[in-house]
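The lines below spell out each chain.
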Amino acid sequence: MTYTSLTQVDLRDLALHLQRAFGSSEPVGAVVGRTQLRDAVVIKLECSQLQAEELVDSMVAEDLLIFEGEPGEPGVWHIRPPAEVSPTR
């Protein structure tokens, strides 16, 4: 399914898809891991890399994706299940 508007995308559903896609091997590295997340969004939604990057930004802002670690050092991206995200955010 191709999305032409970012407003059509349910970020919680997308986070759940990413969690299933990556399983127990969450993306590693601030840049490399974020690129893997973006690329997975491109594949899932058949959208542009720019649109996917904006969606990743939105998921970070909504605490659906959290990077644990310091940029430039090994760290891991955690994909939080929607049930774990506070609805008050």
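Residues numbered from 1 in each chain as written. Predicted model: local features only at pLDDT ≥ 70, side-chain atom pairs only at ≥ 80, totals over all residues. Heavy atoms only, no water.

Asker: Quick question: what am I supposed to make of the packing of aromatic side chains here?
Answerer: Here a ring pair, both rings aromatic, is described through the centre-centre distance and the interplanar angle of the planes. Taken as a whole and judged by the stated rule, the model has one aromatic pair. Centre to centre, the rings of Phe67 and Trp77 are 5.2 Å apart; their planes meet at 55 degrees, and the pair counts as tilted. You can see Phe67 sitting in strand β1 (residues 65-68) and its partner Trp77 sitting in strand β2 (residues 76-79), a full ten residues away along the chain. In this structure Trp77 comes out as buried when scored by relative accessible area, which is 5%. (Phe/Tyr/Trp six-rings, centres within 6.5 Å; stacked < 30°, edge-to-face > 60°. Helix = DSSP H or I, 4+ residues; strand = E, 2+ residues; numbered from the N terminus. Buried < 20%, exposed > 50% of the residue type's maximum accessible area, 1.4 Å probe, protein only.)

Asker: Can you walk me through the pattern of salt bridges in this structure?
Answerer: Opposite charge on two side chains permits them to pair, given that their charged atoms come into close proximity. Evaluation of the coordinates by the stated rule reveals three salt bridges. Measuring nitrogen to oxygen at the nearest pair gives 2.7 Å for the salt bridge that ties Glu53 to Arg34. Of this pair, Glu53 sits in helix α3 (residues 49-61) while Arg34 sits in helix α2 (residues 30-45), placing them 19 residues apart in sequence. Classification of Arg34 by relative accessible area gives buried; the value is 19%. Put simply, Arg38 and Asp39 hold a salt bridge, and the shortest N to O gap is 2.9 Å. Classification of Arg38 by relative accessible area gives buried; the value is 16%. (Salt bridge = Lys/Arg side-chain N within 4 Å of Asp/Glu carboxyl O.)

Asker: Is there a simple way to think about the environment of Leu55 in this case?
Answerer: Secondary-structure assignment places Leu55 in helix α3. You can call Leu55 buried: its relative accessible area is 3%. Residues Leu55 and Val9, spaced 46 residues apart in sequence, show a C-alpha to C-alpha distance of 8.4 Å. Aside from chain neighbours lying at most four places away, what touches Leu55 is Leu6, Val9, Leu11, Leu14, Val41 and Leu45. (Contact = heavy atoms within 4.5 Å.)

Asker: Is there a simple way to think about the pairing of β2 in this case?
Answerer: Here is the key point about a regular strand: its side chains alternate between the two faces of the sheet. Residues Trp77 and Ile79 point to one face of β2 and are all buried, whereas Val76 and His78, pointing to the other face, are not buried. Strand direction decides the pairing type here: β1 and β2, joined by four bridges, are antiparallel. When the bridges of β2 are listed, Ile66 appears paired with His78. (Pairing = 2+ DSSP bridges.)

Asker: Just to check I follow, could you spell out the nonpolar core for this structure?
Answerer: Side chains of nonpolar character tend, in soluble globular proteins, to be buried together. Residues Leu18, Leu37, Val41, Met59 and Leu65 are the most contacted members of the largest nonpolar core, which totals 19 residues. Counting only elements with at least two residues in this core, the list comes to α1 (11-22), α2, α3 and β2. Examining the composition of this core, we find that five residues originate from one element, α1, more than from any other. Excluding anything up to four places from it in sequence, Leu18 contacts Leu37, Ala40, Val41, Met59, Leu65 and Ile79. (Core = buried A, V, L, I, M, F, W, Y, C linked by side-chain atoms within 4.5 Å.)

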